[in-house]
Amino acid sequence: MFEEPAAWGAAISFVAMLVSAAFAFFAGNAAKQSLKNQDKLVRMERFRLEQEQRERVRSWGDAVVGAMQAAIDCAEFPQGDGIREAARIELAGKLSEFTDRGGGCSRT
């Protein structure tokens, strides 16, 4: 059937084209799967960062609530002694710091 050298060359070229097409197909599928995996990793990292942000805001809020409770307690100290004034100054500084630092609620 393939007695002439040109026929052999055509057959070899055809088989090489089929092998090349198969490798291209599998490479395309591998690239598609890689993109899916990368997308999953990006979504997981975004979720992790959002969880970290929530935890920072929650921690900040807990500290603010504690300072506010301390302010309420400070109001109950007798007015004549210096304890109330010292506590009030300390609390004002803490609340100012919390305001400056914020809860990190800004979205970017």
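Since the structure is predicted, the reported quantities are computational estimates derived from the model, not experimental observations.

> Would you mind going over the overall build of the protein with me for this structure?
Along the protein, the regular secondary structure elements total two helices and zero strands. Taking all 108 residues of the protein together, the buried fraction comes to 6%. Accessible surface, the protein as shown: approximately 9000 Å² in total, 63% of it carbon and sulfur.

> Explain helix H2 (residues 82-101) to me, please; I cannot follow it from the model alone.
One turn of an α-helix holds 3.6 residues; hence residues three or four places apart share an orientation. The terminal C-alpha atoms of H2 lie 29 Å apart, and with 20 residues this matches the ideal 28 Å at 1.5 Å per residue to within 8%. For H2, every residue scored as buried is listed here: Ala 87, Leu 91 and Phe 98. Buried positions in H2, seen along its axis, are confined to an arc of 30 degrees and lie on one side of it. Opposite the buried face of H2, by more than 90 degrees, sit the exposed residues Gly 82, Ile 89, Thr 99 and Asp 100. With its phi angle positive at about 70 degrees, Gly 102 sits one or two positions after the end of H2.

Parameters and conventions
Residues numbered from 1 in each chain as written. Predicted model: local features only at pLDDT ≥ 70, side-chain atom pairs only at ≥ 80, totals over all residues. Heavy atoms only, no water. Helix = DSSP H or I, 4+ residues; strand = E, 2+ residues; numbered from the N terminus. Buried < 20%, exposed > 50% of the residue type's maximum accessible area, 1.4 Å probe, protein only. Areas by Shrake-Rupley, 256 points an atom, 1.4 Å probe, with all protein chains shown as cover. Expected span 1.5 Å × (residues − 1). Arc of directions from axis to C-beta.

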